[in-house]
Amino acid sequence: MIRRRLLVGILGCACLGACASLPASSARRAAPGGDSRAGTGQAEQATTSLGVNPGSITLEVKPVGDSGALARITGHCDLDGVIAAHGSSELAKGACDRDLEVEQDLAEGLKISGASVLHNEARVQHLSGNTERARQDYQEAIRQDTEGRSPSAVSKLARVNLGLLHHEQGDQAAAEQHLQWVLGHATDPAVRGAAYHNLSLVLLELDQTDAALDAAQQGHALLLQTLGDTHGSVGAALNALGVIHAERGELDEAVEALEAAVEVRAAALGQTHPATAASYTNLGVALGRRGDWDAALHAHREALAIDQEVLGPDHATTAADHGHLGATLMELGRPHDARPRFERALAILTPVRPDDDPEVEQLRGWLVVCDEAEALARAKPTDRARPDRAGPIH
């Protein structure tokens, strides 16, 4: 699986990612409901990933703290008092008009502030996997933000994230509708970049790889322009580009993008960040498809080392890393070395998965292949076992 989505924050955006599924054949796909492992605040953190620097998106009106501020700041339109002070009803009316304008502006600010609070709460729920609550809060933030006024930045950010949520829940039509709306209304390049990025995931899920590649390229270009080439969001965009190229069979381009994603994510988030591990996994898959099995083995070992340290030895993503390593070792004709990897992955998953879980069944299948390969090697030492290698990057 791969962390490749953008969850947008109120004054910036952060990419949301997910945990790897087990099959040794697949790379990481994103899904914050899945395994949100990177967070907010800095780009791509603990339960999700990717970010636009806080403050990069400016609200139309500065939010105020509470409704009591209205009376303290604007006072009341006391016509008699104004006439006494100025001696003119015309001056008094002008003063009242200005007072009402200020009060209206502040009321708009309060609306945005309320919508902003809801959007931030939705984002927290989203990162925590509480998807239904997140969906409701995103929708309510949009409703409050647009009630009697044109949509502010809050609506655009909320729709980027709501589109992502629909994508994760399998409703690609609703996801695309929200993201296309953002692209039709937003002008901020960071918001547009996040929308294009998430749209590329939707289109890839729909097997529209040409359109997905175009969206991913536009998202990467906008995020690069806005954030620079060492930002975690740019790393996530490169990661998505690599996966899309791999799905299109463009393996040289995939490897180039994924190598860049590893470099950017390591610089922005740290060498031992789960998002960096996700890109190593995808790089390993792409290298394997290209036939560079030694290089693929190195990439999968890097991913395993990171995930064991950060997520722990018994995490499902760590199990996936063992599976990838085992499959790669089989391709290198080393079934004896592959077996412990498959056994370790099974030891992690069998206590928490049903017996008919597809990933558990696949691992058991690999162990059967190991038995056959080892038997063949004992009979014919020069033969090498090469089972069908694992399939698509997810």
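Bear in mind that the values here come from a model prediction, so they are computed numbers and not experimental data. (Residues numbered from 1 in each chain as written. Predicted model: local features only at pLDDT ≥ 70, side-chain atom pairs only at ≥ 80, totals over all residues. Heavy atoms only, no water.)

1. Description of the overall build of the protein chain
Argument step 1. Broken down by element type, the protein chain carries 16 helices and two strands.
Argument step 2. The buried share among the 394 residues of the protein chain stands at 55%.
Argument step 3. Put simply, of all contacts in the protein chain between residues at least 6 apart along the chain, 65% involve residues at least 24 apart.
Argument step 4. Only carbon and sulfur atoms are counted for the fraction: they give 49% of the accessible area of the protein chain, which is about 16,200 Å². (Helix = DSSP H or I, 4+ residues; strand = E, 2+ residues; numbered from the N terminus. Buried < 20%, exposed > 50% of the residue type's maximum accessible area, 1.4 Å probe, protein only. Contact = heavy atoms within 4.5 Å. Areas by Shrake-Rupley, 256 points an atom, 1.4 Å probe, with all protein chains shown as cover.)

2. Notes on the packing of helix 12 (residues 274-289) against helix 13 (residues 293-310)
Argument step 1. At a minimum axis separation of 8 Å, helix 12 and helix 13 run at an interaxial angle of 160°. In terms of their interaxial angle, helix 12 and helix 13 are classed as roughly antiparallel. Considering how the two elements wind past one another, helix 12 and helix 13 form a crossing that is left-handed. For the pair formed by helix 12 and helix 13, the contact residues are Pro274, Thr276, Ala277, Tyr280, Thr281, Leu283, Gly284, Val285, Leu287 and Gly288 on the first element and Trp293, Ala295, Ala296, Ala299, His300, Glu302, Ala303, Ile306, Asp307 and Val310 on the second.
Argument step 2. Residues of the contact of helix 12 with helix 13, tallied by class, amount to 13 nonpolar, five polar and two charged. (Axes fitted to C-alpha atoms, helices over the stretch in contact; angles between N-to-C directions. Parallel < 35°, antiparallel > 145°, perpendicular 65-115°, else oblique. Left-handed = near helix turned anticlockwise from the far one by under 90°. Nonpolar A, V, L, I, M, F, W, Y, C, P; charged D, E, K, R; others polar.)

3. Observations concerning the packing of aromatic side chains
Argument step 1. Enumeration over the complete set of coordinates arrives at one aromatic pair.
Argument step 2. Plain terms: the ring middles of Phe342 and Trp366 are 5.2 Å apart, the flat faces sit at 10° to each other, and that makes the pair stacked. Of this pair, Phe342 sits in helix 15 (residues 335-349) while Trp366 sits in helix 16 (residues 358-379), and the two are 24 residues apart along the sequence.
Argument step 3. A cation sits over an aromatic face here: Arg159 above Trp181, 4.2 Å from the ring centre. (Phe/Tyr/Trp six-rings, centres within 6.5 Å; stacked < 30°, edge-to-face > 60°. Lys NZ or Arg CZ within 6 Å of the ring centre and 35° of its normal.)

4. Details of unusual backbone geometry
Argument step 1. A positive phi angle, near 65°, is found at Asp207, a position not held by glycine.
Argument step 2. On the basis of relative accessible area, Asp207 is assigned to the exposed category, the value being 64%.

5. With respect to the pattern of salt bridges
Argument step 1. Overall, the coordinates contain 19 salt bridges when judged by the stated rule.
Argument step 2. Between Asp292 and Arg290 there is a salt bridge whose closest N-O contact spans 2.7 Å. (Salt bridge = Lys/Arg side-chain N within 4 Å of Asp/Glu carboxyl O.)

6. With respect to the environment of Glu331
Argument step 1. Relative to the helices and strands, Glu331 resides in helix 14 (residues 316-331).
Argument step 2. Judged by its relative accessible area of 5%, Glu331 falls in the buried class.
Argument step 3. For the pair formed by Glu331 and Trp293, sequence separation is 38 residues and the distance between their alpha carbons is 7.2 Å.

7. As for helix 10 (residues 232-247)
Every α-helical turn comprises 3.6 residues, leaving residues that sit three or four positions apart pointing alike.
Argument step 1. Spanning 16 residues, helix 10 covers 23 Å between terminal C-alpha atoms, matching the ideal 22 Å at 1.5 Å per step.
Argument step 2. Positive backbone phi, at 80°, marks Gly249, one or two positions downstream of helix 10. (Expected span 1.5 Å × (residues − 1).)

8. Description of the nonpolar core
Argument step 1. The biggest cluster of nonpolar side chains holds 35 residues, and the ones touching the most others in it are Tyr280, Leu283, Met330, Ala338, Phe342, Leu349 and Leu363.
Argument step 2. Looking at this core, the elements that each hand over two or more residues are helix 11 (251-269), helix 12, helix 13, helix 14, helix 15 and helix 16.
Argument step 3. Looking at this core element by element, the count peaks at seven residues for helix 13.
Argument step 4. Once you skip the residues sitting within four places of it in the chain, Phe342 turns out to touch Gly323, Gly326, Ala327, Met330, Leu363, Trp366, Leu367 and Cys370.
Argument step 5. Residues Val160, Ala194, Tyr196 and Ile244 belong to the second largest nonpolar core, which totals 25 residues. (Core = buried A, V, L, I, M, F, W, Y, C linked by side-chain atoms within 4.5 Å.)

9. Some points on the packing of helix 15 against helix 16
Argument step 1. In the contact formed by helix 15 and helix 16, the axes pass within 9 Å of each other and the chain directions differ by 155°. By the criterion of interaxial angle, the relationship of helix 15 to helix 16 is roughly antiparallel. Where helix 15 crosses over helix 16, the handedness of that crossing is left-handed. Side by side, helix 15 and helix 16 meet where Pro335, His336, Ala338, Arg339, Phe342, Glu343, Ala345, Leu346 and Leu349 of the first sit next to Glu359, Val360, Leu363, Arg364, Trp366, Leu367, Cys370, Asp371, Ala373 and Glu374 of the second.
Argument step 2. Taken together, the residues that form the contact of helix 15 with helix 16 break down as twelve nonpolar, one polar and six charged.

10. Here's the deal with helix 15
Argument step 1. Given a rise of 1.5 Å per residue, 15 residues ought to cover 21 Å, and the 21 Å separating the end C-alpha atoms of helix 15 matches this to within 8%.
Argument step 2. All of the buried residues along helix 15 are Pro335, Ala338, Arg339, Phe342, Ala345, Leu346, Ile348 and Leu349.

11. Some details on the confidence of the model for the protein chain
Argument step 1. Mean pLDDT over the protein chain works out to 77, with 68% of the residues at or above the 70 mark.
Argument step 2. In this model, residues 1-27 is a region of pLDDT below 50 whose contacts with residues beyond four sequence positions or in other chains number 194 contacts.
Argument step 3. In the model, residues 29-86 has pLDDT below 50 throughout and makes 192 contacts with residues more than four positions away in sequence or in other chains. (pLDDT = per-residue confidence, 0-100.)

12. Notes on the environment of Glu250
Argument step 1. Counting through the fold element by element, Glu250 comes out in the loop between helix 10 and helix 11.
Argument step 2. Counting along the chain gives 40 residues from Glu250 to Arg290, while the straight-line C-alpha distance between them is 9.5 Å.
Argument step 3. Ignoring anything within four residues of it in the chain, the contact list for Glu250 reads Leu213 and His245.
Argument step 4. A distance of 2.5 Å separates polar atoms of two side chains, one belonging to Glu250 and the other to His245. (Polar contact = N/O pair within 3.5 Å; in protein donor to acceptor, adjacent residues only side chain to side chain.)

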